[in-house]
Amino acid sequence: RKKEFFQKIGCSPHPARSCYGQMCFFDETCADSPPALGGLGCWAGGINIQCRFCGFDQFPDCPPAHECAGECRDWGEDERRYCNYHFGLKCPNDEKECPQYDVVDRYGYSSGVFPK
């Protein structure tokens, strides 16, 4: 599952101070050949090639992130796409009750259970 993957590598799509106290986020383009932005900020803190520094010094701005919390039927279209792409969270498009998600912590991880 994606949540466990982000916990294992030490950064997530949610920018956070998880790279030795510096802001960073999971950026899959760091593994491209060549990496986006010439690799600037990749290997943030020596954690993982796909962790990129952001929001300070010469590094790019941190990307916007959605919380992926609360009732999914209340999420806007951008948040639905973001949460599905990065965390595999989906919300039914019908009138059935949607699952309730716990608040995501500052590292982008939920303290609750994600649906499978």
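Heads up: the structure comes first, above all this text.
Residues numbered from 1 in each chain as written. Predicted model: local features only at pLDDT ≥ 70, side-chain atom pairs only at ≥ 80, totals over all residues. Heavy atoms only, no water.

Draft legend 1. Focus on the pattern of salt bridges. Counted according to the given criterion, the structure contains four salt bridges. For R52, the salt bridge identified is with D27, shortest N-O distance 2.7 Å. One end of the pair, R52, is in strand β3 (residues 51-53); the other, D27, is in the loop between β2 (22-26) and β3, with 25 residues separating them in the sequence. Taken as a pair, R52 and D27 share a single burial class, namely buried. When the shortest N-O distance is used, the salt bridge between E77 and R81 registers 3.5 Å. Placement of the pair is E77 and R81 together in helix α2 (residues 77-87), with a separation of four residues, close to one helical turn. Put simply, E77, D78 and R81 are held in one network by salt bridges that share partners. (Salt bridge = Lys/Arg side-chain N within 4 Å of Asp/Glu carboxyl O. Helix = DSSP H or I, 4+ residues; strand = E, 2+ residues; numbered from the N terminus. Buried < 20%, exposed > 50% of the residue type's maximum accessible area, 1.4 Å probe, protein only.)

Draft legend 2. Looking closely at the sheet that holds β3. Read across the sheet, three strands follow the order β1-β2-β3 without closing on themselves; strand pairing throughout is antiparallel. Where the open sheet ends on each side, the last strands, each with one partner, are β1 (16-19) and β3. Adjacent strand axes in the sheet meet at a mean angle of 60° when their direction is disregarded. Across two bridges, the pairing between β1 and β2 is antiparallel. Residue pairing for β2: A16 is matched across the bridge by C24. (Pairing = 2+ DSSP bridges. Axes fitted to C-alpha atoms, helices over the stretch in contact; angles between N-to-C directions.)

Draft legend 3. Expanded view of the packing of aromatic side chains. In the structure shown here, the tally under the stated rule is seven aromatic pairs. The interplanar angle of 40° and the centroid separation of 5.2 Å between the aromatic rings of F53 and F59 together place this pair among those described as tilted. Of the two residues examined, F53 and F59, each falls in the buried class. Put simply, the rings of F5, F6, F26 and F87 pair up and form one aromatic cluster. Above the face of the Y85 ring, K2 is positioned so that its terminal group lies 5.6 Å from the ring centre. (Phe/Tyr/Trp six-rings, centres within 6.5 Å; stacked < 30°, edge-to-face > 60°. Lys NZ or Arg CZ within 6 Å of the ring centre and 35° of its normal.)

Draft legend 4. How the structure looks around α2. Of the positions making up α2, those classed as buried are E79, R80, Y82, C83, H86 and F87. Burial along α2 is one-sided: seen end-on, the buried residues are contained in an arc of 165°. Facing away from the buried surface of α2 by more than 90 degrees, the exposed residues are E77 and D78. Buried-residue contacts for α2 involve α1 (2-9). Where α2 terminates, the next one or two residues include G88, which has phi positive at roughly 70°. (Arc of directions from axis to C-beta. Contact = heavy atoms within 4.5 Å.)

Draft legend 5. The arrangement of the environment of C42 in detail. Mapped onto the secondary structure, C42 falls in the loop between β2 and β3. Of the residues examined, C42 reaches a relative accessible area of 16% and is grouped as buried. Sequence separation of C42 and T29 is 13 residues, and the distance between their C-alpha atoms is 9.1 Å. Leaving out residues up to four positions away in the same chain, C42 has contacts with C30, I49, C51 and R52.

In short, geometric facts, not functional conclusions.
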